[in-house]
Amino acid sequence: MKIGIVCYPTYGGSGVVATELGMALADKGHEVHFITYNQPVRLDFISHNLHFHEVLMEEYPLFQYQPYELALSSKLVEVVKKYNLELLHVHYAIPHAYAAYMAKMMLKEKGIDIKVVTTLHGTDITLVGSHPSYKAAVEFSINNSDVVTAVSNSLREDTLRLFTITNPIQVVYNFIDLKKYEEADQADCQRIALAKPKERIVTHISNFRPVKRIEDVIQVFNIIQQSIPAKLLMVGDGPERLRAENLARKLDIKQNVLFLGNSQDVEKILCYSDLFLLPSKTESFGLAALEAMAAGTPVISTNTGGLQEVNINGKTGYLSDLGNIDDMAKNAIEILTDDKVLNEFKERSKEHARLFTLENILPVYEDIYKGLMEKAI
Ligand code: GMT
């Protein structure tokens, strides 16, 4: 099949899922075209079936904000025509689903019927999408997609609650490529440079936006390190970084908190992590939690959004109410104190992550595509 994928190319779950999906589809022989404003960060040109088309923006003194969706929809029309694409899979509703609808209409005028699959990822619904500035356009583009998927039951329910939806929404969970985690496990997993042998390693990975509540990460770690020798690895970058660094300084734990910046190989950091902290205000799914579990790292998270569908309380980690730092720290200490308990949590986390493998999820997307192609005939 010839498939166009539209996503955000930056660090962030939706871009990661879209990129990994595109690369896996190309591996299976599909021709995949990424269409976005930069090359996606995790995109490796390992297959000759992969292509990248940059959406170029025109600077003009009249534009305070450049009209990205206009440039994107024009580029979609151009790429669909030039490469005879059969469908567009757009990740994150804003503005991708809207731009895809516009492209679909423009192509229809030329006698081309392009199918559009929209995958809802989370904040496109929960934080931004339902804002009055965007709501009507988001609702319209969801209702006018050929297929709509959401990454968890929780996100599906949120979408039905926040919008008037006339289209069915199919749940297709986030996934991980287990091979990468097995390879990282077997490779030299060097923890020695980061922590002393007796120290536990606690990790947080995100784009440090307010929704991730990274000050809670620092607060939880502060309590943990009072009972257990430990280091905290903060992986990622974003607007809340400075506040978190200042808090670590204020609590006088800066020497035990390492800010490592963005990483494209999170599995190599997770392979030596003992615990993962994800105290988010909301997570439609929590791909970072799944990545941690795949590496055998138990998760302490909030119980918001779709996290309950991923992290299983008492089995793969624990879930606490939003902002309940004491409860998160108590649970973390319970897991980290005893080697036997920690190893049991690690094993169960790895086992549970197997439910969300690429091998399980890829055929679901392929079936969706095939179904649309059959409809078109
Ligand atoms: O979580 C982020 O900050 C990035 C965001 C995105 O859209 O790029 O992630 C969302 O999509 C991921 C992939 O489907 C989900 O695993 C994340 O839970 C979701 N983030 C939120 O809902 C906050």
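Residues numbered from 1 in each chain as written. Predicted model: local features only at pLDDT ≥ 70, side-chain atom pairs only at ≥ 80, totals over all residues. Heavy atoms only, no water.

### Some words on the nonpolar core
One finds I35 and Y369 to be the most contacted residues of the largest nonpolar core, which totals 94 residues. When residues of this core are assigned to domains, at least three fall in each of domain 1 (2-175 + 357-376) and domain 2 (178-355). Ignoring any residue separated from it by four or fewer positions in sequence, one finds Y369 in contact with M1, I3, L21, L25, L87, H89 and V117. Formed by 31 residues, the second largest nonpolar core is a distinct cluster that contains I218, M234, I300 and F345. (Core = buried A, V, L, I, M, F, W, Y, C linked by side-chain atoms within 4.5 Å. Buried < 20%, exposed > 50% of the residue type's maximum accessible area, 1.4 Å probe, protein only. Domains from an automatic or database assignment. Contact = heavy atoms within 4.5 Å.)

### Remarks on the site of the ligand
Taken together, the neighbourhood of the ligand is formed by 18 residues, with H121, N174, R209, K212 and E283 sitting nearest. Between N207 and the ligand, the recorded distance is 2.9 Å, taken from a side-chain N or O atom to an oxygen atom. Within the contact set of the ligand, an oxygen atom lies 2.9 Å away from a backbone nitrogen or oxygen of G286. Taken by itself the ligand offers 490 Å² of open surface, and the protein chains cover 95% of this. Among the residues forming the shell around the ligand, the class breakdown is four nonpolar, 11 polar and three charged. Both domain 1 (2-175 + 357-376) and domain 2 (178-355) contribute no fewer than three residues apiece to the shell around the ligand. (Near = heavy atom within 4 Å. Polar contact = N/O pair within 3.5 Å; in protein donor to acceptor, adjacent residues only side chain to side chain. Areas by Shrake-Rupley, 256 points an atom, 1.4 Å probe, with all protein chains shown as cover. Nonpolar A, V, L, I, M, F, W, Y, C, P; charged D, E, K, R; others polar.)

### Observations regarding the domain arrangement of the protein
Its domain assignment divides the protein into domain 1 (2-175 + 357-376) and domain 2 (178-355). On a C-alpha basis, the centroid separation for the pair domain 1 and domain 2 is 30 Å. Between domain 1 and domain 2 the total buried area reaches about 1700 Å² when both faces are included, carbon and sulfur atoms providing 51% of it. In terms of surface lost to domain 2, no three residues of domain 1 exceed Y11, R42 and T357, which account for 33% of the buried area on that side. (Buried area = accessible area lost by both parts, 1.4 Å probe.)

### Here we look at the side chain of H204
Along the chain, H204 falls in strand β8 (residues 200-206). A distance of 2.9 Å separates polar atoms of two side chains, one belonging to H204 and the other to S206. Polar contacts involving the side chain of H204 include one to the main-chain carbonyl oxygen of L277, which spans 2.9 Å. With sequence-adjacent residues up to four places away left out, H204 is seen in contact with K212, I214, V217, L233, M234, V235, F276, L277, L278 and P279. (Helix = DSSP H or I, 4+ residues; strand = E, 2+ residues; numbered from the N terminus.)

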